[in-house]
Amino acid sequence: MAALRYAGLDDTDSEDELPPGWEERTTKDGWVYYANHTEEKTQWEHPKTGKRKRVAGDLPYGWEQETDENGQVFFVDHINKRTTYLDPRLAFTVDDNPTKPTTRQRYDGSTTAMEILQGRDFTGKVVVVTGANSGIGFETAKSFALHGAHVILACRNMARASEAVSRILEEWHKAKVEAMTLDLALLRSVQHFAEAFKAKNVPLHVLVCNAATFALPWSLTKDGLETTFQVNHLGHFYLVQLLQDVLCRSAPARVIVVSSESHRFTDINDSLGKLDFSRLSPTKNDYWAMLAYNRSKLCNILFSNELHRRLSPRGVTSNAVHPGNMMYSNIHRS
């Protein structure tokens, strides 16, 4: 109890009562997790008891489970005509058996990029991470570098990219890390990056397409395309096409595309079920920032799936990932 008191977790009478700043939530399939709004992190274990739980039984009569535009589960009480993010079954949770963890439980919102690669040696591997000067991209690049990989931070702002390189070298002066210019809003820059990378005559084992923008006002790039669509999807699409031969020569290799759960809340087809190109790069009158972001993330997944189908026989895999809803990111900077 002394440790709990020191951490400020003993200020409630009930063992199961959450400390201030914590919230209990559930996933779609009934697992309970805990959100710490102060530290902006989530975890599977109860912050006081360390237990993992799941809800038992069906929802009460008149209740229905839904998902909002951010991928967060909420509950509708049709009888009393109200909604809540609190699962009505939380009063009837059961302890999970800790000896039988599922894949879903292996990592949670408090897991760091360093922990993901713990025990792995990436010596001799070459990794490119776009948008790597801050947020998720920086943590990814740092973890790869500190586990022995030669990491290239592909960034638009070289001053910030150089600062990120310095921060990694401060942690391990032998880290093999460098920065290169890549502006996904300019296709010529994408081409120049690919040419400069190929001139190094090095393999490419991992390409992490991480860079993205969010909630921008409508604007067109110098290539004449809506900015969110080009930065989040088309620029990466072009980059992979230009580096495809290097990836195949470096097999086994992989492409990781950072998408989002919000891809579920949009469509890019017209009423006849055919691809509507006007939805990909909309005019100012048809533009809504959140919808543009969602569509770009849907494009990420469709691209990743098709890339995997085409290149996996040649030893190059592709996966799209949802990074999580409670992770710190600099994506809102604009």
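Computed from a predicted model, the values in this text were never measured in an experiment. One numbering rule holds for all chains: residues counted from 1, following each sequence as written. Since the coordinates come from a predicted model, pLDDT governs what is reported: local features require at least 70, and pairs of side-chain atoms require 80 or more to be given and counted, while whole-chain, interface and lining totals use all residues. Only heavy atoms go into the side-chain values, all of them from the structure, while hydrogens and water stay out.

Caption draft 1: Inspection of the pattern of salt bridges at higher detail. The rule for a salt bridge is simple: a side-chain nitrogen of Lys or Arg has to be within 4 Å of a carboxyl oxygen of Asp or Glu. Per the stated rule, a full pass over the model turns up 13 salt bridges. Linking Arg 249 and Asp 245 is a salt bridge whose minimum nitrogen-to-oxygen distance equals 3.7 Å. In this pair, Arg 249 and Asp 245 both sit in helix α6 (residues 227-249), 4 residues apart, roughly one turn of the helix. Taking the shortest distance from any N to any O, the salt bridge between Glu 306 and Arg 309 comes out at 2.6 Å. For the purposes of this entry, the term helix denotes a DSSP run of H or I that reaches at least four residues, the term strand denotes a run of E that reaches at least two, and both are numbered from the N terminus.

Caption draft 2: Empty space enclosed by the protein, seen in detail. Site definitions follow a grid-based scheme: protein atoms alone, a 1 Å grid, a 1.4 Å probe that fits but cannot get out for cavities, and for pockets an open set with protein on both sides within 12 Å along at least five of seven lines, plus lining residues having an atom within 4 Å of a point. Grid points are joined across faces, edges and corners, and a volume is the space filled by probe spheres set on the points. All told, the structure shown has 1 cavity of 30 Å³ or more when counted by the stated rule. What the largest cavity holds in volume is close to 30 Å³. Forming the walls of the largest cavity are Arg 279, Pro 282, Asp 286, Tyr 287, Trp 288, Leu 291, Ala 292 and Arg 295. In terms of residue count, the dominant contributor to the lining of the largest cavity is helix α8 (residues 289-311) (3 residues). All residues other than Ala, Val, Leu, Ile, Met, Phe, Trp, Tyr, Cys, Pro, Asp, Glu, Lys and Arg, Gly among them, are scored as polar; the first ten of these are nonpolar and the last four charged. Of the residues assigned to the lining of the largest cavity, the class counts are 5 nonpolar, no polar and 3 charged.

Caption draft 3: Fine view of the UniProt feature "domain: WW" (unreviewed entry) in the protein chain. When the UniProt feature table is mapped onto this chain, "domain: WW" (unreviewed entry) is found at residues 16-49 and 57-90. Annotated as residues 16-49, this span is 0% helix and 38% strand, and its ends, taken at the C-alpha atoms, are 7 Å apart. Secondary structure within residues 57-90 divides into 0% helix and 38% strand; the distance between the first and last C-alpha atoms comes to 10 Å. UniProt positions are given in the numbering used here, feature names are shortened, and annotations may be inferred rather than shown by experiment.

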